[in-house]
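Chains, contacts and geometry: an overview
Here is what each chain is made of, one letter per residue.
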Amino acid sequence: MHILEGEGVTKYFGGLAAVSDVSFYVDEGEVVGLIGPNGAGKTTLFNLISAALEPKTGEIRFKGKKINGLKPYQICRLGIARTFQTVKIFGNLPVIENVRIGSLFGPFKGLSTADATREANELLEFMGLSDVAYAPARDLTLAHQKRLEVARALATKPTLLMLDELMAGLNQTELIEAMDLVKKIREKGTTIVMIEHVMKAIMNICDRIIVLHHGKKIADGTPQEVANSKTVIEVYLGEASDAGN
Amino acid sequence: MDFSKINWKKAAITAGIPLVILIFLGLWPTIGPQYWVTLFSYFLLYIIISVSWTIFSGATGYISLASAAFYGIGIYAAALFREQFAANLPLIVVVLIGGLASFVLAFIVGAITLRLKGIYFAMFTFGLVLLLKEVIYYWEIQFNDLRGRFVAPESNDTIYYYLLGIFVITMIVAYLIRRSKYGLALQIIGENEEAAAHTGINVTMVKVLTYAVSAIFIGAAGVIMATKLTYVDPGVAFSPMMSFSPVLMAIFGGMGSIYGPVIGAVIFTYIEEILKTGSMKNYYMLIFGVILIGVILYLPNGIVGSIQNLWKRISGARRAHTRG
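In this text the structure is predicted, and so the values were computed from the model without any measurement. (Residues numbered from 1 in each chain as written. Chains lettered and ligands numbered in written order. Predicted model: local features only at pLDDT ≥ 70, side-chain atom pairs only at ≥ 80, totals over all residues. Heavy atoms only, no water.)

Once that is clear, we can look at the overall build of chain A. Broken down by element type, chain A carries 10 helices and 10 strands. Relative to the 2.2 N^0.38 estimate, which gives 18 Å for 245 residues, the radius of gyration of chain A is 18 Å and therefore close to what a compact globule would have. For chain A, the C-alpha atoms occupy an extent of roughly 60 × 40 × 35 Å along the three principal directions. Sorting the 245 residues of chain A into buried and exposed places 54% on the buried side. Partitioning the contacts of chain A with sequence separation of at least 6, the portion at a separation of at least 24 is 65%. Approximately 10,800 Å² of chain A is accessible, and the part contributed by carbon and sulfur atoms is 51%. Averaging the coordinates of the 28 positive side-chain charges in chain A and doing the same for the 29 negative ones gives two points 6 Å apart. (Helix = DSSP H or I, 4+ residues; strand = E, 2+ residues; numbered from the N terminus. Rg over C-alpha atoms; globule rule 2.2 N^0.38 Å. Buried < 20%, exposed > 50% of the residue type's maximum accessible area, 1.4 Å probe, protein only. Contact = heavy atoms within 4.5 Å. Areas by Shrake-Rupley, 256 points an atom, 1.4 Å probe, with all protein chains shown as cover. Lys, Arg positive; Asp, Glu negative; His and termini not counted. Charge placed at Lys NZ, Arg CZ, Asp CG, Glu CD.)

Here you go:
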């Protein structure tokens, strides 16, 4: 079943089509990678799905129901959680409080304080952040802040999790940990859409990859298909004639 | 099992100290000299306004300069419904009208402008003060042939007790908001509004409603102060000082705790009184400015915040990460 569908989604910034007539779907339980060169419209598409922006035309459906036109908090309560390309944590609050906030406000019916605390502890354990639970979130390393964002997103009990460049800026060890983490989240039954530039991670984790270029969808298929696609190679490596010169 | 002595002691302190202070304030007009009763009225007034301001602006970081507009609306509620030598509504009803009118005004202004960020919100809210002043001037002169209005005076004690009542309600509301899930939502809107919205918080509703609620107390206080002024015109009612004072007092006292704006308001009001009545009366704004710059530079968390930091350092920073 398609848990998330987009039909002819279009968004302009001034005269520039940031996302142009993009149709896509995500099946339940899938891990879908969203890739493309800088400025391809990946984050814009995330913003459209999470209602940070509203599409000019087109329709986005979640579990069969139209969701464009809703507010970000409604999207979150429906069960779509996201992280941000540049981490947006509540820096002055302790790590555990960041996660508790997800449980308190995120689910359709917010949890009681005691349940939220218990759940936050479980999630921190799951994310390997238990040691720093009471430190102010701003004091964490970038890798830990990104994990914290994921923990907060998971606390809202999403059926669909959108990760915006989770792996960017991580070192080798952190990268492997992050990849394991995504696999673990998937095993819990959460559907994942991830924007990523780290090809190793994308090829390894994703069931399917969608490629955007200049706001248009240019490819959609398994990692193998996408890696062999002529258009994708041209976009990423330049045309053969260019390479020759 | 955990009924240790510390819990009881803490409970006694959190409930006991405010109760003692309240009893003292309640008895004050019967024991204190007239001059000090009047001065205490001003303490209460500025505490109400700076605590109300902090409820919204302290938590979210949206600097509102509309306090004078809400205060002025309260004053004009009194001017309309508590006119001198006229059949009037009871004072308590007018206080409620003033509070409600401020609530409605703040709700509308909030709904329109709370998408503005930073300095733009501050500018718009200050513009509102000037706009209301000019509109009411024009209206009064054009249609009523009036510049100002006379308000039925009240005794010093009545003014004091009304302000005390508003003060108590303001403090309780501020305390409850701060302690609630709702207050947490406000605080994280201040931390990162975008992330708050994507974490399931109805950001617009929380902001607009809190802003409107915080305006109630300022409007109610305006009604009472009008009975002390007895003559009001738009220039008096919408004096810009009422917009800036709460900001200065809250920054001075510190916005990290509920006591910050209270202490800031008392100290500022007292300094103003000394400077205005002493030989320095021409320089009091200058001295104010110097003190404020000093506080911003050297005590960025305000007086209360700095004392708390000092205490943490002395007590070994063992509770450094708990939320205030």
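Picking up where we left off.
Glancing now at the sheet that holds strand S9 (residues 208-213) of chain A. Residue and element names in this part refer to chain A. Pairing in this open sheet of six strands is mixed, and the strands run S6-S7-S8-S3-S9-S10 from one edge to the other. Two strands close off the open sheet at either side, each with one partner strand: strand S6 (80-82) and strand S10 (216-221). Neighbouring strand axes in the sheet, compared pairwise and without regard to direction, differ in orientation by 15° on average. In this structure, strand S3 (residues 31-35) lies alongside strand S8 (residues 191-195), joined through four bridges in parallel fashion. Across the sheet, residue Val32 finds its bridge partner in S8, namely Val193. Against the sheet, helix H5 (residues 142-155) engages S6 and strand S7 (160-164), with an angle of about 160° to S7. (Pairing = 2+ DSSP bridges. Axes fitted to C-alpha atoms, helices over the stretch in contact; angles between N-to-C directions.)

Before going further, it helps to examine the sheet that holds strand S4 (residues 57-62) of chain A. All names here are of chain A. Spatially, four strands are ordered S2-S1-S4-S5 in an open sheet, and the strand pairing comes out antiparallel. Because the sheet does not close on itself, it has two edges, and the strands there are strand S2 (16-27) and strand S5 (65-66). Of the pairings in the sheet, the one linking strand S1 (residues 2-13) to S2 comprises eight bridges and is antiparallel in character. Opposite Val9, over in S2, you have Val22 as the bridge partner.

On to the side chain of Lys133(B). Residue and element names in this part refer to chain B. Note that Lys133 resides in helix H5 (residues 118-144). Despite its burial, Lys133 remains without a salt bridge, the nearest opposite charge being carried by Glu134 at 4.9 Å. If near-sequence neighbours (up to four positions away) are discounted, Lys133 is found in contact with Pro234, Gly235 and Phe238. (Salt bridge = Lys/Arg side-chain N within 4 Å of Asp/Glu carboxyl O.)

With that settled, the discussion passes to the packing of helix H11 (residues 241-253) of chain B against helix H13 (residues 284-298) of chain B. All names here are of chain B. Following both chains from N to C, one finds H11 and H13 inclined at 40°, their axes separated by 10 Å at the closest point. Between H11 and H13, the crossing angle belongs to the class labelled oblique. With respect to the hand of their crossing, H11 and H13 are arranged in left-handed fashion. Seen from H11, the contacting residues are Met241, Leu248, Ile251 and Phe252; seen from H13, they are Met285, Ile291, Leu292, Val295 and Ile296. (Parallel < 35°, antiparallel > 145°, perpendicular 65-115°, else oblique. Left-handed = near helix turned anticlockwise from the far one by under 90°.)

The partner chain A presents 27 residues to the 18 residues of chain B that form the contact. Of the roughly 2,000 Å² buried between chain B and chain A, counting both surfaces, carbon and sulfur atoms make up 67%. Where chain B meets chain A, there are one salt bridge. The partner of Glu194(B) in a salt bridge is Lys88(A), and the shortest N-O contact between them spans 3.5 Å. Where chain B meets chain A, there are eight residue pairs in polar contact (both at pLDDT 80 or more). (Buried area = accessible area lost by both parts, 1.4 Å probe. Polar contact = N/O pair within 3.5 Å; in protein donor to acceptor, adjacent residues only side chain to side chain.)

A word on a nonpolar patch on the surface. Residue and element names in this part refer to chain B. The grouping of Leu19, Leu22, Ile23, Phe24, Leu27 and Ile31 at the surface amounts to a nonpolar patch, some 560 Å² of accessible area in total. With respect to the helices, strands and loops of the structure, Leu27 is situated in helix H1 (residues 5-31). Among the residues examined, Leu27 registers a relative accessible area of 47% and is labelled partly exposed. (Patch = residues over 30% accessible without salt bridge, like charges linked within 9 Å, V, L, I, M, F, W, Y side chains within 5 Å.)

This next bit is on the pattern of salt bridges. Charged atoms that come close allow side chains of opposite charge to pair. Under the criterion given, the structure shown has 21 salt bridges over all chains. We note a salt bridge from Arg149(B) to Glu83(B), for which the minimum N-O separation is 4.0 Å. Note that Arg149(B) is positioned in strand S1 (residues 149-150) and Glu83(B) in the loop between helix H3 (67-81) and helix H4 (91-113), a separation of 66 residues in sequence. A network of salt bridges, in which partner residues are shared, links Glu5(A), Glu7(A), Glu59(A) and Arg61(A).

Core analysis: the largest hydrophobic core is formed by 96 residues, its most contacted members being Ile201(B) and Tyr211(B). A per-element tally of this core places helix H9 (residues 203-229) of chain B first, with 14 residues. Within the second largest apolar cluster, 45 residues are counted, among which are Ile89(A), Ala143(A), Leu170(A) and Ile205(A). (Core = buried A, V, L, I, M, F, W, Y, C linked by side-chain atoms within 4.5 Å.)

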